[in-house]
Amino acid sequence: MSDTTTLEQKLQVLQNRKKTNFTSTISDERGSELEYNGHKISDLVAWWSVAKVIGHLWLKRDLPEYACTFIETIMILLADHGPAVSGATNTIVTARAGKDVVSSLIAWLATIGPRFGGAVTGAGIWLVDAVNRWISPGELVKEMKQKWVYIQWIWHKVKSIYDPDIRCKLMQDLAKTFPTTKHLEFALWVEELTTQKKPNLILNVDGHIAALLCDMLSDLWYTPEEIARMVKADLFNSFFVLSRSIWFIGHYLDQQRLNEWLYRTPWWDILYDVE
Ligand SMILES: CC(C)(COP(=O)(O)OP(=O)(O)OC[C@H]1O[C@@H](n2cnc3c(N)ncnc32)[C@H](O)[C@@H]1OP(=O)(O)O)[C@@H](O)C(=O)NCCC(=O)NCCS
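Thresholds applied
Residues numbered from 1 in each chain as written. Predicted model: local features only at pLDDT ≥ 70, side-chain atom pairs only at ≥ 80, totals over all residues. Helix = DSSP H or I, 4+ residues; strand = E, 2+ residues; numbered from the N terminus. Rg over C-alpha atoms; globule rule 2.2 N^0.38 Å. Buried ≥ 20, exposed ≤ 12 C-beta atoms within 10 Å, placed from the backbone. Contact = placed C-beta atoms within 7 Å. Pairing = 2+ DSSP bridges. Near = placed C-beta within 6 Å. Nonpolar A, V, L, I, M, F, W, Y, C, P; charged D, E, K, R; others polar. Domains from an automatic or database assignment. Core = buried A, V, L, I, M, F, W, Y, C linked by C-beta atoms within 7 Å.

1. Topic: the overall build of the chain
Stage number 1. The helix and strand tally for the chain stands at 13 helices and three strands.
Stage number 2. By the compact-globule yardstick of 19 Å for 275 residues, the chain is too spread out, its C-alpha radius of gyration being 24 Å.
Stage number 3. Counting only C-alpha atoms, the chain reaches 85 × 55 × 45 Å along its principal axes.
Stage number 4. Per-residue burial over the chain gives 30% buried out of 275 residues.
Stage number 5. For the chain, the proportion of contacts with a sequence separation of at least 24, taken over those separated by at least 6, is 73%.

Here you go:
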């Protein structure tokens, strides 16, 4: 380094030698204009939708129109499911205990799992595996039975082949805009078998979303291994969390608006089965 090098330049060289603690590949705020995945935000607000932003920040892909419509439909279809389910109840009880929006949201997030919402991830894992192994729907049903594992994309509490879930019909209509739908077709074949056993063992809305997400990712040229990795990294659940947060913020604000007081479970609703 020559004597004429300024202190600032020397510092720059030192900084460049230092190993960084973090790597980020999705956005850059250092220039004159913030960039998402290499695109200036003035372009984003002029041309983009929220789904496009999700595509760039979550998937690092410029999503085609059908995929944007699909993601926006997921956001709408999953954005509320009434006050009775575990997540909503937790949010409402927490809000009524006088807690803030963040605490009320944390309370619902804690309920996500295989029996509530987490089924999207579970469905994705099993679907990708089954389609990649080229097994038949019949073999899959047999395998799951032998393993004593519920098929993660099958079942609805009240809906059945006699009383179909309109959300599933909307998803199937949307599927017609997809270039290919091998995962959805596989999941629907499995439904044909399971509904022979019980009419409520239908391909549920989580299953439709998981199957179409798999189809969307394979149409975006992700390899089966990359898709499997993304599913395991909880990408599918991320859509569920994002959409349902709209719902739970709504329930939190609703409780504030109603000025609801602390909730306490009444004794008649508890069986005290003690000695
Ligand atoms: C939700 C769930 C735990 C309900 O199971 P359940 O209480 O046994 O359901 P039901 O009482 O309505 O069904 C009873 C019968 O259908 C079978 N069955 C239920 N769900 C099944 C599934 N997903 N795959 C295969 N068989 C299933 C049961 O084995 C049982 O069979 P049997 O009568 O021979 O014993 C289960 O369906 C499941 O894990 N589904 C996948 C995940 C999911 O959809 N979660 C809800 C997200 S909101």
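2. Points about the sheet that holds strand 3 (residues 39–40)
Stage number 1. Judged by pairing direction, the sheet is antiparallel, and its three strands sit side by side in the order 1-2-3 without closing on themselves. Edge positions in the sheet fall to strand 1 (27–28) and strand 3, since each has one partner strand and no second.

3. Thoughts on unusual backbone geometry
Stage number 1. Phi is positive for Asn37, close to 50 degrees, though the residue is something other than glycine.
Stage number 2. Position of Asn37 relative to the elements: it lies in the loop between strand 2 (35–36) and strand 3.
Stage number 3. Assessed through the 18 C-beta atoms surrounding it within 10 Å, Asn37 is described here as partly exposed.
Stage number 4. Its identity is not glycine, yet Asp234 carries a phi of approximately 75 degrees, on the positive side.
Stage number 5. Residue position: Asp234 is located in the loop between helix 12 (224–232) and helix 13 (235–258).

4. Topic: the site of the ligand
Stage number 1. Surrounding the ligand, one finds 14 residues, the nearest of these being Ala119, Tyr150, Ile151, Ile154 and Trp155.
Stage number 2. Here the shell around the ligand is built from residues that sort into seven nonpolar, four polar and three charged.

5. A short note on the domain arrangement of the chain
Stage number 1. Splitting the chain by domain gives domain 1 (26–63) and domain 2 (86–257).
Stage number 2. Its C-alpha centre places domain 1 at a distance of 27 Å from the equivalent point of domain 2.

6. Things to note about the environment of Ser218
Stage number 1. Summarising the element assignment, Ser218 is placed in helix 11 (residues 205–219).
Stage number 2. As for Ser218 and Thr91, which are separated by 127 residues in sequence, their C-alpha atoms are 36 Å apart.

7. A closer look at the environment of Leu212
Stage number 1. Take Leu212: it is sitting in helix 11.
Stage number 2. With 204 residues separating them along the chain, Leu212 and Glu8 place their C-alpha atoms 53 Å apart.
Stage number 3. Not counting chain neighbours up to four residues away, the residues in contact with Leu212 comprise Phe70, Met171, Ala175, Phe178 and Leu184.

8. Re the nonpolar core
Stage number 1. Grouped together as the largest cluster of nonpolar side chains are 45 residues, with contacts concentrated most on Leu127, Trp153, Ala187 and Ala210.
Stage number 2. Only helix 4 (65–77), helix 7 (119–132), helix 9 (166–175), helix 10 (182–197), helix 11, helix 12 and helix 13 provide two or more residues apiece to this core.
Stage number 3. Top element by residues in this core is helix 11. It accounts for nine residues.
Stage number 4. Apart from the residues lying within four places of it in its own chain, the contact partners of Leu127 are Trp153, His183, Phe186, Ala187, Ala210, Ala211 and Cys214.
Stage number 5. Core analysis: the next-biggest nonpolar cluster, separate from the first, contains nine residues, Ala88, Leu105, Trp108 and Phe248 among them.

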